[in-house]
Amino acid sequence: MSGRELELAYAQVEVPDPDALAGFFTDVVGLAAGDPTPDGAATFTDDAAVHRVLVSEGPRNDLVALGFEVPDDAAFEARLARLAAVADGAPTEADADPGARRVRRRAVVAAPWGAAVEVVVGLERTATAAPTPLVPGGFLTAGVGFGHAVVATTAFDASLRFATEGLGMVQSDWLETEIVEGVTLEVRFLHCNARHHSLALARAPFELPQALHHLMFETNDRDDVGRAYDRAVAAGLPLPNGLGRHDNDGMFSFYVAGPAGFQVEVGHGAHRIVEPWTDDRRYDRISAWGHHPVAPAP
Ligand SMILES: [Fe+2]
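Residues numbered from 1 in each chain as written. Predicted model: local features only at pLDDT ≥ 70, side-chain atom pairs only at ≥ 80, totals over all residues. Heavy atoms only, no water.

Let's hear about the overall build of the protein chain: which residues, and what values?
From N to C terminus, the protein chain includes four helices and 17 strands. For 298 residues, the compact-globule estimate of 2.2 N^0.38 gives 19 Å, and the protein chain sits close to it at 18 Å. Along the three orthogonal principal directions, the C-alpha set of the protein chain runs to about 55 × 40 × 40 Å. Within the protein chain, buried positions represent 56% of all 298 residues. Partitioning the intrachain contacts of the protein chain with sequence separation of at least 6 by distance along the chain shows that 69% fall at a separation of at least 24. Summed over all atoms, the accessible surface of the protein chain reaches about 12200 Å², with 54% contributed by carbon and sulfur. Computed over 23 positive and 42 negative side-chain charges, the inter-centroid distance for the protein chain is 4 Å. (Helix = DSSP H or I, 4+ residues; strand = E, 2+ residues; numbered from the N terminus. Rg over C-alpha atoms; globule rule 2.2 N^0.38 Å. Buried < 20%, exposed > 50% of the residue type's maximum accessible area, 1.4 Å probe, protein only. Contact = heavy atoms within 4.5 Å. Areas by Shrake-Rupley, 256 points an atom, 1.4 Å probe, with all protein chains shown as cover. Lys, Arg positive; Asp, Glu negative; His and termini not counted. Charge placed at Lys NZ, Arg CZ, Asp CG, Glu CD.)

Below you can see the structure in the form of structure tokens.
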């Protein structure tokens, strides 16, 4: 990793049918398949890291862990101390087999949104990015982690505190808008490097069947978003949000619902965080244009 302090290293999901999700990640999103982890999770990557998405088999059908990578041991220990002050239970390194995640060090702590957070150092990388022939321009990850994750939680305030005070993330901006009469959508977008947000937290009005709303992968080439869109249409998958551009991060993207329910956003061209960040403000619309639902062809 670069000298950046914190990057989203990987996401682990547990689903009943890993094979269906594998085809989705490789054939629609265009990720490269990697080697299974020692504990049997299928893996996928969008760059030179050995894995960015881990798919385990099980009944949970949701996110089970987000890995955050720090650059060195000093940053690792500092982060654990911060997390211990805000988490229910201190991060534990003792039982966190680093080999299972192909990292040098790993500590695990429960996040209020109902999944684990793993703080890691030294995620294995290869010399060159894994080939992604369906995404010829490759993915934008240098210094900014693999993409972003958006989770919805009823434990919103505790989650925000965990992410900011514990993980040390900083709010980029927030969305607060009435989506239907009487129902307000609130999403807080958090950065920890130049990516506009590596994590966003949505306030859930009640317990949702899945906390994970979506994972986002950002392409270097805008046309690779279009090619992914074509593959999603050809696969007949639901497109909860067709092509559009977000108002806050400026991302040109679309959202496809995968076979496990949670969505994947494939995007390009989001704004970067430039320090000092002075644009933390409320947005009242999700998109500047587009992102309308697209029904699958009959
Ligand atoms: Fe997103």
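Provide a residue-level description of the coordination of the iron ion, including the pertinent values.
Perfect tetrahedral coordination of a metal by four donors corresponds to 109.5 degrees between them, and perfect octahedral coordination by six donors corresponds to 90 or 180 degrees. Protein coordination of the iron ion is provided by His148 (NE2), His214 (NE2) and Glu265 (OE), with donor distances spanning 2.0 to 2.2 Å. Every donor residue of the iron ion comes from the same chain, spaced as H-x65-H-x50-E. Of the two residues, His148 is situated in strand 8 (residues 148-153) and Glu265 in strand 15 (residues 263-268); the sequence distance between them amounts to 117 residues. (Donors = N, O, S within 2.8 Å, 3.2 Å for Na, K, Ca; no water.)

Describe in detail helix 1 (residues 18-29), supporting the description with residues and values.
For helix 1, built from 12 residues, the straight-helix expectation of 16 Å at 1.5 Å per residue is met to within 8% by its first-to-last C-alpha distance of 15 Å. Count one or two residues on from helix 1 and you reach Gly30, which has phi positive near 95°. (Expected span 1.5 Å × (residues − 1).)

Describe the sheet that holds strand 17 (residues 287-290), listing the residues and the values that go with them.
The strands making up a sheet associate through backbone hydrogen bonding, with each pair oriented either parallel or antiparallel. Taken in spatial order, the 10 strands of this open sheet run 16-9-10-11-8-12-15-14-13-17, and their pairing is mixed. Edge positions in the open sheet fall to strand 16 (282-283) and strand 17, since each of these has one partner strand only. Inspection of the sheet shows strand 8 paired to strand 12 (residues 212-218) by four bridges, in the antiparallel sense. The residue bridging Ala149 from the neighbouring strand is Leu215, located in strand 12. Against the sheet, helix 1 engages strand 12, strand 14 (252-257) and strand 15, with an angle of about 20° to strand 15. Sheet strands in contact with helix 4 (residues 222-234) are strand 13 (241-246), strand 14 and strand 15, and its direction is about 25° off that of strand 14. (Pairing = 2+ DSSP bridges. Axes fitted to C-alpha atoms, helices over the stretch in contact; angles between N-to-C directions.)

Describe the side chain of Asp47, listing the residues and the values that go with them.
Here Asp47 lies in the loop between strand 3 (42-45) and strand 4 (53-57). Exposure remark for Asp47: the relative accessible area of 8% places this residue in the buried category. Side chain to side chain, Asp47 and Arg52 meet in a polar contact 2.8 Å long. (Polar contact = N/O pair within 3.5 Å; in protein donor to acceptor, adjacent residues only side chain to side chain.)

Requested: an account of the pairing of strand 10 (residues 183-191), with residues and values cited.
Looking along a regular strand, one sees side chains alternate from face to face of the sheet. Along strand 10, seven of the nine residues are buried, which leaves the element largely enclosed by surrounding structure. Here nine bridges tie strand 9 (residues 170-180) to strand 10, and the two strands are oriented antiparallel to one another. Residue pairing in the sheet places Thr177 in a bridge with Leu185 of strand 10. Between the antiparallel neighbours strand 9 and strand 10 lie two residues, among them Gly182 with a positive phi of about 85°.

Go over helix 3 (residues 156-166) with me, naming the residues and quoting the values.
Among the residues of helix 3, those classed as buried are Phe156, Ser159, Leu160, Phe162, Ala163 and Gly166. Of the surrounding secondary structure, the elements contacted by the buried residues of helix 3 are helix 2 (73-86), strand 6 (105-110), strand 7 (116-121), strand 8, strand 10 and strand 11 (199-203). Positive backbone phi, at 85°, marks Gly168, one or two positions downstream of helix 3.

Any chance you could break down the packing of aromatic side chains for me, citing the residues and the numbers?
Under the criterion given, the structure shown has eight aromatic pairs. Pairwise contacts between aromatic rings join Phe24, Phe25, Phe44 and Phe262 into one cluster. Here the guanidinium or amino end of Arg222 rests over the ring plane of Phe252, the centre of that ring lying 5.9 Å away. (Phe/Tyr/Trp six-rings, centres within 6.5 Å; stacked < 30°, edge-to-face > 60°. Lys NZ or Arg CZ within 6 Å of the ring centre and 35° of its normal.)

Give me the side chain of His51: which residues, what numbers.
Structurally, the position occupied by His51 is in the loop between strand 3 and strand 4. Of the residues examined, His51 reaches a relative accessible area of 1% and is grouped as buried. Within the local environment of His51, its side chain forms a polar contact with the backbone oxygen of Arg101, the two atoms lying 2.9 Å apart. In contact with His51, not counting residues within four places along its chain, are Ala9, Tyr10, Thr37, Thr43, Phe44, Thr45, Arg101, Arg102 and Leu123.

Explain the pattern of salt bridges to me, using residue names and the numbers behind them.
Applying the stated rule across the entire model yields 21 salt bridges. One salt bridge connects Glu118 with Arg106, and the closest N-O pair in it is separated by 3.0 Å. With Glu118 in strand 7 and Arg106 in strand 6, this pair connects stretches of sequence that are 12 residues apart. Both residues of the pair, Glu118 and Arg106, belong to the buried class. What you see here is one network of salt bridges that share partners, running through Asp73, Glu77, Glu93, Arg104 and Arg105. (Salt bridge = Lys/Arg side-chain N within 4 Å of Asp/Glu carboxyl O.)

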